[in-house]
Amino acid sequence: YSALEAVFFRWLYPNCRIILLIRNPLHSYRSFKGNDWFVEWPYQVLTIDQWVDHWNNMANSWREFKDDYILIKYEELISGNFNYRELESKLGLELNEEAAMTHNPRSTRNKRLSKREARFILRRAGEMMRHYGYVDNSEPRASGLAPQHI
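A brief look at the structure comes next. From a predicted model like this one, the values you see are computed outputs, not experimental measurements.

**As for the overall build of the protein**
Counting its secondary structure elements, the protein contains seven helices and four strands. Ordered by position from N to C terminus, the α and β elements of the protein give α-β-α-β-β-α-β-α-α-α-α. Contacts spanning at least 24 positions in sequence make up 71% of the contacts within the protein whose residues lie at least 6 apart. For the protein, the accessible surface area stands at approximately 10,000 Å², while carbon and sulfur atoms represent 51% of it.

Laid out in structure tokens, this is it:
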């Protein structure tokens, strides 16, 4: 969802805590490839163009969101080193770590991005990727993108 929905939730529930879970668009697109996906019915995402535009729009809406929210990167969440105690402190809740660790690496195991797709995503989403720390400002390459991801 975009930050617009977060504004609505904040209006409905003024004391709610909002979590933004974001994923590197290179990894996210790799997972998306070959699946039917809808932004909302009946608007189906069919092309890499549409997909990158959607990722950029969502990422930018959160960049412009001036309210308080907790940012969690998907890659950190599944790394095995995520600080659940810090999140518990921010939420004021106790979390079940085991329940959160249901990552299924098989969903992208046999999927690869072509160099053309990776370049396209970097070119079109680079600004938002830099904002969220997925691209080093000095390099046009996504941080943490190992060759097996392409």
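From this point, the discussion proceeds with the structure in view.
**Regarding a positive patch on the surface**
On the surface, a cluster of positive charge is made up of Lys115, Arg116, Arg119 and Arg123. The topology assignment puts Lys115 in helix H7 (residues 115-131). Relative accessible area serves as the criterion here: at 60%, Lys115 is assigned to the exposed category.

**Things to note about the packing of aromatic side chains**
Tallied over the entire structure, the rule returns nine aromatic pairs. Taking 5.3 Å as the distance between ring centres and 65° as the angle between the ring planes, the aromatic pair formed by Tyr29 and Trp51 counts as edge-to-face. With Tyr29 in helix H2 (residues 25-32) and Trp51 in helix H3 (residues 48-64), this pair connects stretches of sequence that are 22 residues apart. Its relative accessible area of 7% is what places Tyr29 among the buried residues. Members of the aromatic cluster, each reached through a chain of ring pairs, are Phe8, Phe9 and Trp11. The residue whose ring lies beneath Lys73 is Tyr134, and the NZ or CZ to ring-centre distance is 4.7 Å.

**A closer look at H3**
With 17 residues, H3 extends 24 Å between its outermost C-alpha atoms, agreeing within 8% with the 24 Å of an ideal straight helix rising 1.5 Å per residue. Regarding H3, the residues found buried are Ile48, Trp51, Val52, His54, Trp55, Asn56, Ala59, Ser61 and Trp62.

**Some words on the packing of H2 against H3**
Interaxial distance between H2 and H3 falls to 11 Å at its minimum, and their mutual angle equals 135°. Between H2 and H3, the angle falls in the class oblique. Where H2 crosses over H3, the two elements pack in a sense that is right-handed. Counted together, Pro25, Ser28, Tyr29 and Phe32 of H2 and Ile48, Trp51 and Trp55 of H3 form the full contact between these two elements. Class assignment for the residues of the contact of H2 with H3 results in six nonpolar, one polar and no charged.

**Remarks on H7**
With 17 residues, H7 extends 23 Å from end C-alpha to end C-alpha; this agrees with the ideal 24 Å at 1.5 Å per step. Taken as a whole, H7 carries its principal kink of about 75° at Ala125. Listed as buried for H7 are Glu117, Ala118, Phe120, Ile121, Leu122, Ala125, Gly126, Met128 and Met129. Buried residues along H7 sit against H2 and H3. Gly133, located one to two residues past H7, shows a positive phi value of around 80°.

**Structural notes on the pattern of salt bridges**
Here the structure, examined in full by the defined rule, presents six salt bridges. For Asp53, the salt bridge identified is with Arg124, shortest N-O distance 2.3 Å. Of this pair, Asp53 sits in helix H3 while Arg124 is found in helix H7, placing the two residues 71 residues apart along the sequence. A relative accessible area of 35% means that Asp53 is categorised as partly exposed. Accessibility expressed as a relative area gives 31% for Arg124, which makes it partly exposed. Of the charged contacts, one joins Glu88 and Arg85 as a salt bridge, the two residues approaching to 2.9 Å between their closest N and O atoms. On the criterion of helical spacing, the pair formed by Glu88 and Arg85 is a turn pair, its members being three residues apart in helix H5 (residues 84-91). Judged by its relative accessible area of 45%, Arg85 is partly exposed. Each of Asp49, Asp53 and Arg124 takes part in salt bridges that share partners, so that together they form one network.

Reading guide: rules and limits
- Residues numbered from 1 in each chain as written.
- Predicted model: local features only at pLDDT ≥ 70, side-chain atom pairs only at ≥ 80, totals over all residues.
- Heavy atoms only, no water.
- Helix = DSSP H or I, 4+ residues; strand = E, 2+ residues; numbered from the N terminus.
- Contact = heavy atoms within 4.5 Å.
- Areas by Shrake-Rupley, 256 points an atom, 1.4 Å probe, with all protein chains shown as cover.
- Patch = residues over 30% accessible without salt bridge, like charges linked within 9 Å, V, L, I, M, F, W, Y side chains within 5 Å.
- Salt bridge = Lys/Arg side-chain N within 4 Å of Asp/Glu carboxyl O.
- Lys, Arg positive; Asp, Glu negative; His and termini not counted.
- Charge placed at Lys NZ, Arg CZ, Asp CG, Glu CD.
- Buried < 20%, exposed > 50% of the residue type's maximum accessible area, 1.4 Å probe, protein only.
- Phe/Tyr/Trp six-rings, centres within 6.5 Å; stacked < 30°, edge-to-face > 60°.
- Lys NZ or Arg CZ within 6 Å of the ring centre and 35° of its normal.
- Expected span 1.5 Å × (residues − 1).
- Axes fitted to C-alpha atoms, helices over the stretch in contact; angles between N-to-C directions.
- Parallel < 35°, antiparallel > 145°, perpendicular 65-115°, else oblique.
- Left-handed = near helix turned anticlockwise from the far one by under 90°.
- Nonpolar A, V, L, I, M, F, W, Y, C, P; charged D, E, K, R; others polar.
- Bend = angle between axes of the 7 residues up to and from the residue.

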